[in-house]
Amino acid sequence: LQLPATQGVSMSAARVAGVIATGASVGSLAYFVHHRTQDTVPISNRSRHLVTTPEYEARLGNASYKQISSTLKILPPNHPASRTVKAIGERLASTVDTSYGKRSWKFDAVSDKKQPNAFALPPGHIVIYSGMFKYARTEAELAAVVAHEIGHVVARHTGEKVTDTSVMNIATLALSTLSGLIFGGDGGEAAFRVLTVGNKLLYELPHSRDMEREADMIGVELMGRACFDPMNAHTVFARMEADDKRKGGGGGSSSYLSTHPGHGERVGNLKKWGR
């Protein structure tokens, strides 16, 4: 069945209109992000874009903390590990300039010796697993771990991740739609898959590693302000690197598929920044 010529022209015009509308949407998004969401990271002075507010980030962080903490064995406030983490955390947090934004700091220690882990959530939740004590053996070394997590909060990395995810999802959907309109058939679906994988490998993971480096750098600055010797920071990751090598893990070398820089790189950076 062959469509009448006028009907074929109508469908082509609709496709052109769709392409123009989608292109205009992408352009509007790019303009908004570039001109209306500019921000500067405290201490590092890196320029970036944020579409979130501190209030939204605080609500998101509090909700996440409530959900995650219910699955963890958080040690009581009078436990020696809890008292140590809190004392170090409050000493570091007292050096955070109030101009960076209002924070509500809370420092927890979790009983889990198998997990050398720590995480941070806005507006100031800092959680340190007891497994970190294997590598952070002194107050100054533990301060390096806590300062790194405080660095994530000061830099508002949660808001930045939300911004990146939102913008990239919208851009990926728009561009895959545009591909479908231009090439037809499965062009849009194929473009969506390629753009999703490309964004992960070429932007999301590298940017995650950059934010970890930034938190390390901010943490070193906060350690100095709180009168902890910043040269103690690198020893934590040096022990992790040695432990990985003993286990045959290659010393935690950096990978394109990793969210964090390798231990060896972090040791080098922390030595340089701690001088």
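Everything below is about the structure printed above this text.
Remember, predicted model here, so these are calculated numbers, not experimental data. (Residues numbered from 1 in each chain as written. Predicted model: local features only at pLDDT ≥ 70, side-chain atom pairs only at ≥ 80, totals over all residues. Heavy atoms only, no water.)

Draft legend 1. Highlighting the overall build of the protein chain. When you go through the protein chain residue by residue, the secondary structure sums to 8 helices and 5 strands. Secondary structure elements in the protein chain, listed N-terminal to C-terminal, are α-β-β-α-α-β-β-β-α-α-α-α-α. Per-residue burial over the protein chain gives 42% buried out of 275 residues. Of the contacts made within the protein chain by residues no fewer than 6 positions apart, 67% connect residues no fewer than 24 positions apart. With an accessible surface of roughly 15,000 Å², the protein chain has 58% of that area assigned to carbon and sulfur atoms. (Helix = DSSP H or I, 4+ residues; strand = E, 2+ residues; numbered from the N terminus. Buried < 20%, exposed > 50% of the residue type's maximum accessible area, 1.4 Å probe, protein only. Contact = heavy atoms within 4.5 Å. Areas by Shrake-Rupley, 256 points an atom, 1.4 Å probe, with all protein chains shown as cover.)

Draft legend 2. Structural detail: the pairing of strand E5 (residues 125-129). Most of E5 is tucked away: 5 of the 5 residues are buried. Alternating positions in E5 separate into two faces, His125, Val127 and Tyr129 on one and Ile126 and Ile128 on the other, with burial throughout. With 5 bridges connecting them, strand E3 (residues 106-110) and E5 associate as parallel partners. Its bridge partner being in E5, Phe107 is matched across the sheet by Ile126. With 4 bridges connecting them, strand E4 (residues 118-121) and E5 associate as antiparallel partners. Each residue of the ladder has a partner; that of Leu121, found in E5, is His125. Hairpin connection, E4 to E5: the antiparallel pair is bridged by 3 residues. (Pairing = 2+ DSSP bridges.)

Draft legend 3. How the structure looks around the packing of helix H3 (residues 80-93) against helix H4 (residues 139-154). Relative orientation of the contacting elements H3 and H4 amounts to 60°, with a least axis distance of 9 Å. The pairing of H3 with H4 is recorded here as oblique in orientation. Helix-helix and strand crossings are classified by hand; for H3 and H4 the assignment is right-handed. Residues Thr84, Val85, Ile88, Gly89, Arg91, Leu92 and Ala93 of H3 form the contact with H4, whose own contacting residues are Glu139, Leu142, Ala143, Val146, Ala147 and Ile150. Grouping the constituent residues of the contact of H3 with H4 by class yields 9 nonpolar, 2 polar and 2 charged. (Axes fitted to C-alpha atoms, helices over the stretch in contact; angles between N-to-C directions. Parallel < 35°, antiparallel > 145°, perpendicular 65-115°, else oblique. Left-handed = near helix turned anticlockwise from the far one by under 90°. Nonpolar A, V, L, I, M, F, W, Y, C, P; charged D, E, K, R; others polar.)

Draft legend 4. Highlighting the sheet that holds E4. In space, the 3 strands of this open sheet follow the order E3-E5-E4, with mixed pairing throughout. Edge positions in the sheet fall to E3 and E4, since each has one partner strand and no second. Each neighbouring strand pair of the sheet contributes to a mean axis angle of 15°, computed without reference to strand direction. Each of E3 and E5 touches H3; the most contacted strand, E3, lies at about 150° to it. Set on the sheet, H4 makes contact with E3, E4 and E5; between it and E5 the angle comes to about 145°.

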